[in-house]
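Residues per chain are reported as follows:
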Amino acid sequence: MIAKLLILIAKGWQRGPSLILPPSCRFQPSCSAYAITALGRYGALRGSWLAARRLLRCHPWGGSGYDPVP
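Quick summary incoming for the structure in this document.

Rules used throughout
Residues numbered from 1 in each chain as written. Predicted model: local features only at pLDDT ≥ 70, side-chain atom pairs only at ≥ 80, totals over all residues. Heavy atoms only, no water. Helix = DSSP H or I, 4+ residues; strand = E, 2+ residues; numbered from the N terminus. Rg over C-alpha atoms; globule rule 2.2 N^0.38 Å. Buried < 20%, exposed > 50% of the residue type's maximum accessible area, 1.4 Å probe, protein only. Contact = heavy atoms within 4.5 Å. Areas by Shrake-Rupley, 256 points an atom, 1.4 Å probe, with all protein chains shown as cover. Salt bridge = Lys/Arg side-chain N within 4 Å of Asp/Glu carboxyl O. Patch = residues over 30% accessible without salt bridge, like charges linked within 9 Å, V, L, I, M, F, W, Y side chains within 5 Å.

It is worth spelling out the overall build of the protein at this point. Looking only at helices and strands, the protein features three helices and two strands. For the protein, the C-alpha radius of gyration of 12 Å lies close to 11 Å, the compact-globule estimate for 70 residues. Over its C-alpha atoms, taken along the principal directions, the protein stretches across nearly 35 × 25 × 15 Å. The buried share of the protein, reckoned over its 70 residues, is 24%. Counting only contacts in the protein whose residues sit at least 6 apart along the sequence, the fraction spanning at least 24 positions is 68%. Of the roughly 5000 Å² that the protein leaves accessible, carbon and sulfur atoms contribute 67%.

This next bit is on the environment of L45. Here L45 is to be found in helix α3 (residues 31-56). By relative accessible area, L45 is classed as exposed at 74%. Along the chain, L45 and Q28 lie 17 residues apart, while their C-alpha atoms are 23 Å from each other.

If you walk through the whole model with that rule in mind, you get two salt bridges. Here D67 makes a salt bridge to R54, at a shortest N to O gap of 3.7 Å. With D67 in the segment after β2 (65-66) and R54 in helix α3, this residue pair connects regions lying 13 residues apart in the sequence. Of the two residues, D67 and R54, both sit in the buried class. Of the charged contacts, one joins D67 and R57 as a salt bridge, the two residues approaching to 2.3 Å between their closest N and O atoms. Separated by 10 residues along the polypeptide, D67 in the segment after β2 and R57 in the loop between α3 and β2 bring together distant segments of the chain. The class of D67 is buried, set by a relative accessible area of 18%. A relative accessible area of 29% means that R57 is categorised as partly exposed. Shared partners join several salt bridges into a network, and the residues in it are R54, R57 and D67.

Looking now at a nonpolar patch on the surface. Together, L5, L8 and I9 make up a nonpolar patch on the protein surface, roughly 320 Å² of accessible area in all. Within the fold, L8 resides in helix α1 (residues 2-15).

In short, the description is geometric, and any link to function would need to be established separately.
Here you go:
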């Protein structure tokens, strides 16, 4: 139930603010797509942990490139 709510929030981000802001994602898939996949695959607790780790790596000195959900 909680995972579905978090997925809904991530999809809302994809359909709302993400369309207005310039593209700046360093990773493939995007962080929101990564979060949706992680939440769907692992549930609310581990999925949100994986998504938070990914967001924390998204900075100018972080990595980039293809980074799939484990």
